[in-house]
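# Descriptive structure summary
Residue-level listing of the chains:
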Amino acid sequence: MNMTKTKVALIASAMAILSTQAFATTTQTSRVIPTGDVSSQAAAYELALDKLHTLKADSAIELNNDLGRIALDSPRSLSLNDGSYVTVAEKMNANGELSYTGLVNVTVTFDMAD
């Protein structure tokens, strides 16, 4: 009798897990994360590259927090896709002074509940 109850419980658990997964949609989104302004292009690239390395080393939860909590339903499913890169934006203020901002371009994938 206990074996039958165990089998029923296992089947019910498996159905619950499968039905939960059936209602999740995999979503992909891109983000651009700016770094602080600096006085040289090289420094801006370095800041952006450091940030990218940090994002690659982050856990899914840390990555979600760093990217503005984009995976609210299931942050553990968040992952950084291949192909991330850095660029630099150049700006000039009203006094003619140049500054540079590193830009980290990433695409992430995560599960979103329907």
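For clarity, every value in this text was computed on a predicted model and none was experimentally measured. (Residues numbered from 1 in each chain as written. Predicted model: local features only at pLDDT ≥ 70, side-chain atom pairs only at ≥ 80, totals over all residues. Heavy atoms only, no water.)

## Focus: helix 2 (residues 41-57)
Relative to the 24 Å expected for 17 residues at 1.5 Å per residue, helix 2 spans 25 Å between its end C-alpha atoms, a close match to the ideal helical length. Taken as a whole, helix 2 has its buried residues at Ala44, Ala48, Leu52 and Leu55. Around the axis of helix 2, the buried residues are gathered within 70° of arc, so they sit on the same side. Of the exposed residues in helix 2, those oriented more than 90 degrees away from the buried face are Ala42, Glu46 and Ala57. (Helix = DSSP H or I, 4+ residues; strand = E, 2+ residues; numbered from the N terminus. Expected span 1.5 Å × (residues − 1). Buried < 20%, exposed > 50% of the residue type's maximum accessible area, 1.4 Å probe, protein only. Arc of directions from axis to C-beta.)

## With respect to the pattern of salt bridges
In this structure the tally under the stated criterion is 1 salt bridge. Notably, a salt bridge pairs Lys91 with Asp37, separated by 3.0 Å at the nearest N-O pair. One end of the pair, Lys91, is in strand 3 (residues 85-92); the other, Asp37, is in strand 1 (residues 24-38), and 54 residues separate them in sequence. (Salt bridge = Lys/Arg side-chain N within 4 Å of Asp/Glu carboxyl O.)

## What to know about the environment of Val104
Within the element layout of this structure, Val104 appears in strand 4 (residues 98-113). Val104 sits in the buried class, given a relative accessible area of 0%. Once the C-alpha coordinates of Val104 and Leu47 are considered, the two residues, 57 residues apart in sequence, prove to be 9.3 Å apart. If we skip the residues at most four places from it in the chain, Val104 touches Arg31, Val32, Ile33, Ala48, Lys51, Leu52, Leu55, Tyr85 and Val86. (Contact = heavy atoms within 4.5 Å.)

## What about the nonpolar core?
Within soluble globular proteins, side chains that are nonpolar tend to cluster in buried spots. Membership of the largest hydrophobic core comes to 13 residues, with the highest contact counts inside it found for Leu67, Val104 and Val106. For this core, the elements supplying multiple residues, two or more each, are helix 2 and strand 4. (Core = buried A, V, L, I, M, F, W, Y, C linked by side-chain atoms within 4.5 Å.)

## Quick notes on the confidence of the model for the protein chain
Detail in the predicted coordinates should be disregarded across regions flagged by low pLDDT. This prediction gives the protein chain a mean pLDDT of 83; 75% of its residues lie at or above 70. Strand 3 holds the highest mean pLDDT among the elements of the protein chain, 97, whereas helix 1 (residues 2-22) holds the lowest, 61. (pLDDT = per-residue confidence, 0-100.)

## A look at the environment of Val86
Checked against the element boundaries, Val86 lands in strand 3. Expressed as a C-alpha distance, the spacing of Val86 and Ala48, which sit 38 residues apart in the sequence, is 6.0 Å. The residues contacting Val86, other than those within four sequence positions of it, are Tyr45, Ala48, Leu49, Leu52, Leu103, Val104 and Asn105.

## Observations concerning the environment of Ser84
As for its placement among the helices and strands, Ser84 is situated in the loop between strand 2 (79-80) and strand 3. Expressed as a C-alpha distance, the spacing of Ser84 and Leu52, which sit 32 residues apart in the sequence, is 7.8 Å.

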